[in-house]
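So the chains spell out like this:
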Amino acid sequence: MTAATPAGAAARAAGAAATPGTATGAAAARRTQAERRARSRDALLAAAARGLAHHGYAELSLTRVAAEADHTRGALYLQFAGKEEVASAVVGWVRQTWWEEVGQVLAPLRPGWPRRSR
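Since this is a predicted model, take the numbers as computed values, not measurements.

What to know about the overall build of the protein
Here is step 1 of the chain: Helix and strand counts for the protein stand at five helices and zero strands.
Here is step 2 of the chain: Overall, the protein shows an N-to-C arrangement of helices and strands of α-α-α-α-α.
Here is step 3 of the chain: Counting only residues that meet the buried cut, the protein has 20% of its 118 residues in that class.
Here is step 4 of the chain: For the protein, the exposed surface amounts to about 8400 Å²; the carbon and sulfur share of it is 57%.

Looking at the nonpolar core
Here is step 1 of the chain: Core analysis: the largest hydrophobic core is formed by 14 residues, its most contacted members being Val65, Leu76, Phe80 and Val86.
Here is step 2 of the chain: Residue assignment for this core shows that the elements contributing at least two residues are α2 (26-55), α3 (62-68) and α5 (83-106).
Here is step 3 of the chain: Sort the elements by how many residues they give to this core and α2 lands first, with four residues.

Overview of the pattern of salt bridges
Here is step 1 of the chain: Across all of its chains, the model carries one salt bridge by this definition.
Here is step 2 of the chain: A salt bridge links Arg50 to Glu68, with the shortest nitrogen-to-oxygen separation between them at 2.4 Å. Taken together, the positions of Arg50 in helix α2 and Glu68 in helix α3 put the pair 18 residues apart, joining distant regions of the chain.
Here is step 3 of the chain: You can call Glu68 partly exposed: its relative accessible area is 41%.

Details of unusual backbone geometry
Comment: phi is negative for the bulk of residues other than glycine, and the bulk of peptide bonds are trans.
Here is step 1 of the chain: Backbone geometry at Asp70 places phi at a positive 60°, although glycine is not the residue there.
Here is step 2 of the chain: Classification of Asp70 by relative accessible area gives exposed; the value is 69%.

Concerning the environment of Ala49
Here is step 1 of the chain: Tracing the backbone through its elements, the reader meets Ala49 in helix α2.
Here is step 2 of the chain: Between the C-alpha atoms of Ala49 and Ala89, which are 40 residues apart in sequence, the distance is 9.5 Å.
Here is step 3 of the chain: Residue contacts for Ala49: discarding those within four places in its chain leaves Val90 and Trp93.

What about the side chain of Ser40?
Here is step 1 of the chain: If you trace the backbone, Ser40 turns up in helix α2.
Here is step 2 of the chain: Of the polar contacts made by the side chain of Ser40, one reaches the side chain of His71; its length is 3.0 Å.

With respect to the environment of Phe80
Here is step 1 of the chain: Among the structural elements, Phe80 can be located in the loop between α4 (73-79) and α5.
Here is step 2 of the chain: With a relative accessible area of 2%, Phe80 lands in the buried category.
Here is step 3 of the chain: On a C-alpha basis, the gap between Phe80 and Leu44 in space is 9.8 Å, while along the polypeptide they are 36 residues apart.
Here is step 4 of the chain: With sequence-adjacent residues up to four places away left out, Phe80 is seen in contact with Arg41, Leu44, Leu45, Glu85, Val86 and Ala89.

Examining the confidence of the model for the protein
Low-pLDDT stretches of the model should not have their predicted coordinates read in fine detail.
Here is step 1 of the chain: This prediction gives the protein a mean pLDDT of 79; 69% of its residues lie at or above 70.
Here is step 2 of the chain: For the protein, the element scoring lowest by mean pLDDT is helix α1 (residues 6-18), at 40; α3 scores highest, at 97.
Here is step 3 of the chain: The low-confidence segment residues 1-21 (pLDDT under 50) makes seven contacts with residues lying over four places distant or belonging to another chain.

Procedures and definitions
Residues numbered from 1 in each chain as written. Predicted model: local features only at pLDDT ≥ 70, side-chain atom pairs only at ≥ 80, totals over all residues. Heavy atoms only, no water. Helix = DSSP H or I, 4+ residues; strand = E, 2+ residues; numbered from the N terminus. Buried < 20%, exposed > 50% of the residue type's maximum accessible area, 1.4 Å probe, protein only. Areas by Shrake-Rupley, 256 points an atom, 1.4 Å probe, with all protein chains shown as cover. Core = buried A, V, L, I, M, F, W, Y, C linked by side-chain atoms within 4.5 Å. Salt bridge = Lys/Arg side-chain N within 4 Å of Asp/Glu carboxyl O. Contact = heavy atoms within 4.5 Å. Polar contact = N/O pair within 3.5 Å; in protein donor to acceptor, adjacent residues only side chain to side chain. pLDDT = per-residue confidence, 0-100.

Take a look at the structure:
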């Protein structure tokens, strides 16, 4: 992997400098890492949601979830402490996604709905 070598770092820097409109510097690198982490989390949650739907909680395999999301188990465990936390995050993710895609459309049709417990 050339990224870890000085030559790889120089090549990356030259490539970034040669690309118009590309942000460079430490702030851009942190932002990119945050974006990658969010994308990884979304992929893992989507795979876990499919796994829960197909197999249920008892048969949910985090190894299978990571593989389906095209990530390693280590990447999964950087995001989540274990199976319970993954399942809890899936419930929150589904709820948020549903609200963003469906709930906001339906809410004006029924005043006072939904009763949000937050």
